[in-house]
Structures are given as C-alpha cells and as structure tokens.
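The lines below spell out each chain.
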Number of protein chains: 2
Amino acid sequence: MEETRYDVVGIGNAIVDIIGRCDDAFLSKHGLQKGFMRLIEARQAEALYGVMGPGIERSGGSAANTIAGLASFGGKGAFIGRVADDQFGKVFTHDIRAIGVTYETPPAKSGAPTALCLIFVTPDGERTMNTFLGASTELGSGEVDAGLIASAKVTYLEGYLFDKPEAKEAFHTAAALAAKAGRKTALTLSDAFCVDRHRDDFRKLVHHGVHILFANEKEITALYEVNSFEEAVIAVRGECEIAVLTRSEQGSVIVTSKATIDIRPEDVAEVVDVTGAGDLYAAGFLYGLTRSLSLADCGRLGSLAAAEVIGHIGARPEKPLHALARSEGLVS
Amino acid sequence: MEETRYDVVGIGNAIVDIIGRCDDAFLSKHGLQKGFMRLIEARQAEALYGVMGPGIERSGGSAANTIAGLASFGGKGAFIGRVADDQFGKVFTHDIRAIGVTYETPPAKSGAPTALCLIFVTPDGERTMNTFLGASTELGSGEVDAGLIASAKVTYLEGYLFDKPEAKEAFHTAAALAAKAGRKTALTLSDAFCVDRHRDDFRKLVHHGVHILFANEKEITALYEVNSFEEAVIAVRGECEIAVLTRSEQGSVIVTSKATIDIRPEDVAEVVDVTGAGDLYAAGFLYGLTRSLSLADCGRLGSLAAAEVIGHIGARPEKPLHALARSEGLVS
C-alpha cells in the first residue's frame with residue numbers, strides 16, 4: 001500500500017460558532033430542545049440572533065473540530081468543507097490552517113454566507129445548537145479530492161452531511177474512494193435527531209463501509225431504537241470493527257467483536273461548555289489509533305481532549321493537546 | 001437642569017477583537033512591543049493574521065467595552081462609533097445592543113471593513129494589540145448626536161479618537177456639547193504611545209474641559225513626562241476634578257484636589273488576559289459615580305469589574321456585574 005501523508009482527512013460542514021449564555025427559561029420560551037442540534041434557515045437565524053445575548057465567535061463544525069484536535073495532538077490532518085468568501089469564511093480558514101490542518105477547499109464565490117451555528121450554553125454547561133448551513137451546502141462530490149482521501153489513513157465523516165443531498169453524495173464518494181484505496185472510514189452519528197432523520201442509511205453504513213463508529217449514548221440507542229445503553233452495545237457489536245460510545249460523565253465504552261473496554265472519564269474542575277466534547281473525544285481516539293496505540297490508550301486520549309474542551313467556551317482546544325497527553329504519560 | 005436619560009454615553013472606535021495566544025519569542029520575532037497598542041494598515045493586518053494562531057472573536061473597542069460594562073452593572077449607557085455593513089459590524093452591533101446599550105450610529109455603507117484588533121496574549125496574561133481602524137475612521141462630528149450627549153450625565157471619550165482628524169473633531173464636538181448642556185466629560189488616555197502622539201492636546205484637555213480622567217501608571221507618567229507615579233500624582237492633582245489612576249496588581253489611586261484615595265486590587269485566581277482591565281475599571285467607577293456613591297466605592301466597583309474581565313479571554317464581562325457588585329455589598 002502507498003505511504004500515507006495524512007493521519008485523518010475529515011469531511012464536514014465548515015461552521016463558525018456564535019456562542020452565548022442563557023438560562024433554561026430562555027430555551028423553553030424560544031422552543032429550543034436542550035442538548036440537541038436543529039437546522040434553521042437564514043430568517044430564523046436572524047430572529048434568533050436578535051434575541052441572543054452577547055456572543056463569542058469561534059470556528060466550529062463537528063468534523064472540523066475533530067481534525068483541529070488531531071492537529072493539536074501533533075497528528076497530520078486535512079479537512080474538506082465549504083465556506084463562503086466572507087469574513088466568517090476567512091476566520092474559519094485561518095483557524096483551521098493556523099492549528100496545522102491542510103485545508104484547500106475553495107470558498108464559494110457566490111450564494112449563501114458561511115455557515116453559522118448559534119449555540120446557547122446553559123448554566124449546567126449543556127449546549128443547544130441552531131445551525132444555518134449557508135455555504136456549507138455548496139459542498140459536493142467535486143470538492144472531494146481523491147488523492148487526499150487515498151493519502152490518509154482514515155477518512156472521517158460527520159453524519160450531519162446527510163442533511164443535504166449534495167453533501168450526502170460527497171460523503172458516499174469519499175467513503176468509496178477510501179475503500180478503493182484500502183483506507184479506513186470513520187463515521188460520527190452527530191446528533192440523535194440526525195440519526196432519526198437518516199436511521200436506515202446510517203445502519204447500512206455501519207453494517208457495511210464504516211470501520212470506526214463514534215456515537216454518544218442518545219445516538220446509539222436512537223440508531224438501534226433500543227431503550228438502554230446495554231442493548232445498544234449488543235446491537236452494535238460486530239457491526240463495524242470498532243464502535244466508540246461516549247457517555248458524558250460516565251466515561252466511554254469501546255466495543256469490538258471480541259472486547260468491551262470501559263474508559264473512565266477525566267476529572268473536570270468545572271463543566272463550562274460541553275460544545276465539542278464528542279468531536280474532541282474522536283480527535284484523541286483517532287490520534288492514538290493512527291499511531292497504533294492500544295484501544296484503551298486511544299480512549300484515554302479521547303477523554304483527555306474532551307475534558308480540555310469542556311473546561312472553556314468553544315469547541316476548539318485552547319491548550320496544546322500533545323503537551324497534555326505527554327504530561328499524562330500517554331505519548332512521548 | 002433637564003433630566004438625564006443616560007448615565008454615560010461613550011464615543012470611541014467600534015472594534016471586533018481577534019484574540020490569539022503566543023509566547024514572548026513570537027512578539028520579538030514580529031517586532032511587537034508587549035503591552036502596547038499600535039495602529040496597522042489593512043495589508044499589515046492581513047500579514048499579521050496570517051502568522052497568528054487560532055483566534056477567538058469578541059466585540060471590543062475601549063469606550064465600547066466601558067459602556068458594555070456599565071450596562072452589565074445595570075447602568076444606562078449609549079455608544080457612538082462606526083462599523084461597516086459587514087459580518088463583523090453585525091457582531092459588534094449585536095453584542096453591544098444585547099447587553100443593553102443604546103447604539104444607533106448607522107454603519108458605513110461603503111469603504112473600509114469594520115475595525116479589527118489583533119490581540120496577542122502571552123502566558124503572563126499581558127496583551128499586545130494591533131488595530132486596523134477600518135470603518136471606525138468614518139466617525140465624524142456628524143455622528144455625534146447632540147440630544148444624546150445632552151441627555152447623559154457623563155460623556156466618556158477615548159484618547160484613541162485623536163489618532164484620526166475626523167474622530168478628533170467628533171471628540172471636540174462631543175466635549176463642547178456636553179459642556180454646553182452642563183454635563184460632565186470623562187477621558188481615558190488609552191495607551192502610553194497614544195499619549196506620546198497627542199501629549200499637548202491631552203494636557204490641555206485635562207487642564208480644561210475634562211472632569212474625570214482615567215489613566216494607568218504608564219499613561220499618566222507619559223502625560224507629564226515624569227519618572228515616578230508619585231510625581232505624576234503631584235502633577236495631575238487639581239488639573240481636573242477627579243483623576244483615576246490604575247496600577248494593575250498595585251490597585252488604584254483616586255486623586256482629587258483635596259484627597260488621595262488608595263483602592264486595593266481584588267484578588268484574582270488567575271490572570272488569563274488583561275485586555276479590557278482599564279476599560280472595565282472605568283465602567284465600575286462611572287457606574288458608582290453616576291449613582292453618587294463615595295469615590296472609594298466607585299473605585300471598588302472599578303476593581304471588581306477589572307478583576308472579572310482579566311479572569312477570562314476577551315474584554316467584555318462574562319458574568320453580570322450587577323450580581324457581582326451585590327454579592328460584595330456594594331450595591332443593593
């Protein structure tokens with residue numbers, strides 16, 4: 001097999017987050033379902049921004065956060081996703097390149113502005129997301145660079161791509177290219193509502209095509225329409241090589257056909273904002289996996305990265321993750 | 001005298017901050033003088049952004065931060081300053097209105113984009129600022145609303161306005177309108193280099209026209225070209241009604257013709273980013289002053305607000321300052 005130039009290439013929506021604080025009453029008043037992501041149109045985004053408190057802007061996007069995290073560990077990452085040629089597009093492009101990720105998808109020169117996610121963070125640190133996909137929906141198979149996919153050990157795809165037909169096509173193109181090149185494909189289920197929208201597609205993918213699956217408890221139980229985490233573990237076992245199931249303060253569980261590995265969560269002084277916790281868990285896990293570490297150590301790297309990102313506002317790491325991993329003795 | 005609708009109207013540059021971390025070697029390599037603000041052109045901004053690490057975007061601007069802080073205490077504030085009709089302009093406008101400030105300056109429809117400040121934060125929490133004034137320089141006397149100035153107890157002006165002729169004219173117009181309406185004028189010296197650029201003008205203003213002066217140790221010693229803080233206190237005493245001199249971890253000193261009041265600094269667990277410390281000190285002080293609190297309590301409110309803002313990234317308060325002040329027993 002050809003040598004790889006990248007550890008992971010991620011494909012996803014290229015989003016700038018606008019993060020504000022609110023209380024639970026605000027969520028109820030505006031009909032926002034706590035802890036979930038919903039898609040909104042431009043007009044809704046404007047109205048919701050109008051009632052939001054002061055914000056903080058940071059680059060986001062699920063797969064983009066994961067690849068940024070991978071780079072912060074010292075991994076070689078690339079990202080494919082579409083911004084517009086506007087100020088937020090420049091911010092997204094700057095941030096992902098500045099952390100060391102290869103990002104060459106050309107910005108859309110016309111049409112909708114760069115995707116935005118209005119994120120409301122409640123005092124418990126939970127985040128409720130409202131995504132205006134904007135220019136992100138301009139991603140299609142044409143932007144999926146075959147050479148790039150072939151040159152990465154893992155192609156990482158976010159489930160959110162299924163929400164638009166062109167992006168879904170890009171997803172399938174990338175998965176096919178990875179398979180053809182003999183590379184691994186990883187999938188994150190993204191969100192329980194996203195699973196509800198695309199359950200059949202996701203089940204087929206997990207059964208055939210995806211090697212590594214990332215899901216939290218809500219997502220994996222939604223995928224198999226079961227009532228307990230334990231039933232979900234039974235359902236997913238053997239469906240793909242590795243299922244990585246995260247459970248917030250209960251840690252995470254790694255399921256292969258032959259083993260179940262429990263990973264304890266890292267201690268966190270204060271949960272400030274859980275945005276990006278799953279994305280960064282995937283970053284640490286994939287960093288370890290592409291270095292052939294044990295699955296237990298991959299899980300610990302995931303927990304470490306998740307713990308860093310929930311300790312502050314925003315979904316990108318603030319501290320270099322490689323130094324954190326070294327201080328824990330997980331890497332040299 | 002007519003009743004006032006506002007406690008403070010602030011006039012200043014309307015800026016969005018892009019905040020990134022760096023080490024001291026980075027500052028040296030790029031010729032950045034630690035702790036100061038310098039003006040840069042569009043091309044320099046682009047080059048500097050290109051070498052900056054991943055950023056966080058937050059609304060900024062010295063006087064704008066102060067008015068936002070005042071509003072967070074529960075004060076009635078208004079702001080005059082110019083953004084462009086672009087994404088960052090919308091962010092600035094949203095954030096200042098969302099915190100409760102009246103902001104009605106129309107965005108510039110053509111010309112330069114919204115002002116940006118590239119802020120580099122070193123591990124010691126010190127910030128080094130590089131400002132591209134952009135659309136901010138489109139502020140002129142025409143944007144200074146006479147009715148607004150007359151309806152505010154205090155007109156608060158940032159020294160940075162002197163860096164462009166039109167803004168300087170707006171500054172003088174506002175000060176004259178405030179005087180005519182029998183209101184107070186407050187000035188912040190902004191930055192020691194800014195003082196070097198406009199020393200004679202600032203000295204005249206402090207001597208005649210300004211009632212309340214805000215300056216840190218570097219700025220006040222630069223204003224009077226003296227070598228010690230003690231000499232600066234002697235020089236400024238009696239020049240204006242109240243001189244409020246901040247000294248970082250040494251607290252602050254309030255100087256009137258008849259008294260010198262020492263204020264101890266608040267304890268801060270970790271200095272994360274000092275951006276906005278002076279701006280927020282002024283916010284607390286003016287909030288107290290416009291409620292006729294004692295000068296000592298005005299100083300304590302200033303210290304409280306400064307301590308909040310240096311505990312996190314960015315120059316706008318994250319916690320409601322009124323609740324903090326109440327928990328300290330400073331307001332009811």
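Check the entry above for the structure.
Asks: I tried to follow the overall build of chain A on my own but got confused; where do I start?
Replies: Looking only at helices and strands, chain A has 13 helices and 14 strands in total. Relative to the 2.2 N^0.38 estimate, which gives 20 Å for 332 residues, the radius of gyration of chain A is 18 Å and therefore close to what a compact globule would have. Principal-axis analysis of the C-alpha atoms gives chain A an extent of 50 × 40 × 40 Å. Expressed as a percentage of its 332 residues, the buried residues of chain A come to 56%. Restricting to contacts in chain A with at least 6 residues of sequence separation, those with at least 24 account for 75%.

Asks: So what exactly am I meant to see when it comes to the relation of the copies chain B and chain A here?
Replies: Copies of the same chain, two in number, are related to each other by a rotation about an axis and a translation along it. The operation relating chain B to chain A is a screw motion whose rotation component is 180 degrees, with 0.0 Å of axial translation and a residual RMSD of 0.0 Å. Such values leave the two copies arranged in the relation of a two-fold axis. For chain B, the residue whose C-alpha comes nearest the rotation axis is B:E57, separated from it by 2.4 Å. Mapped onto chain A, 100% of the interface residues of chain B are again interface residues, and the two copies thus contact each other with one and the same surface.

Asks: What am I meant to see in the sheet that holds strand β14 (residues 260–263) of chain A here?
Replies: Pairing between the strands of a sheet is mediated by backbone hydrogen bonds and can be parallel or antiparallel. Residue and element names in this part refer to chain A. On the basis of which strands lie adjacent, the open sheet formed by nine strands has the order β6-β5-β1-β9-β10-β11-β12-β13-β14 and mixed pairing. Strands with a single pairing partner mark the edges of an open sheet, and in this sheet they are β6 (102–103) and β14. Direction of pairing for strand β13 (residues 252–255) relative to β14: antiparallel, over a ladder of four bridges. Considered in β14, the bridge of V255 is made with T260. On top of the sheet, helix α3 (residues 62–73) reaches β1 (6–11), β5 (77–80), β9 (152–158) and β10 (184–188); it is set at about 160 degrees to β1, its chief contact. The strands touched by helix α6 (residues 165–180) within the sheet are β1, β9 and β10, with β9 carrying the most contacts at an inclination of about 160 degrees.

Asks: Just to check I follow, could you spell out the environment of A:F36 for this structure?
Replies: Inspection of the secondary structure assignment puts A:F36 in the loop between α1 (24–29) and β3 (37–39). Sequence separation between A:F36 and A:L289 is 253 residues, and the spatial gap between their C-alpha atoms is 28 Å.

Asks: Even after reading the chapter, I still don't get the sheet that holds strand β6 (residues 102–103) of chain B, so can you show me in this structure?
Replies: Residues and elements named next belong to chain B. Overall, mixed pairing links the nine strands, which are arranged β6-β5-β1-β9-β10-β11-β12-β13-β14 in an open sheet. Two strands in the sheet have a free side with no partner beyond their single neighbour: β6 and β14 (260–263). The pairing of strand β10 (residues 184–188) with strand β11 (residues 212–216) spans three bridges and is parallel. Its bridge partner lying in β11, T188 is registered against F214.

How each quantity is defined
Residue numbers here run from 1 along each chain, matching the order of that chain's written sequence. Here the convention is simple: chains get letters from A, ligands get numbers from 1, in the order in which they are written. Since the coordinates come from a predicted model, pLDDT governs what is reported: local features require at least 70, and pairs of side-chain atoms require 80 or more to be given and counted, while whole-chain, interface and lining totals use all residues. Put simply, DSSP H or I for four residues or longer makes a helix, DSSP E for two residues or longer makes a strand, and each gets a number counted from the N terminus. It is over C-alpha atoms that the radius of gyration is taken, and the globule rule equals 2.2 Å times the number of residues to the power 0.38. Our exposure labels follow a C-beta count within 10 Å of each residue's own C-beta, placed from the backbone: buried means 20 or more other C-beta atoms, exposed means 12 or fewer, and partly exposed covers the counts in between. We call two residues in contact when the distance between their C-beta atoms, placed using the backbone, is within 7 Å. The copies were overlaid with a least-squares fit restricted to C-alpha atoms from residues scoring a pLDDT of at least 70 in each copy. For two strands to be treated as a pair, DSSP must find at least two bridges joining them. Comment: axis = line fitted to C-alpha atoms, over the contacting stretch for helices; angle = value between 0 and 180 degrees taken between N-to-C directions.

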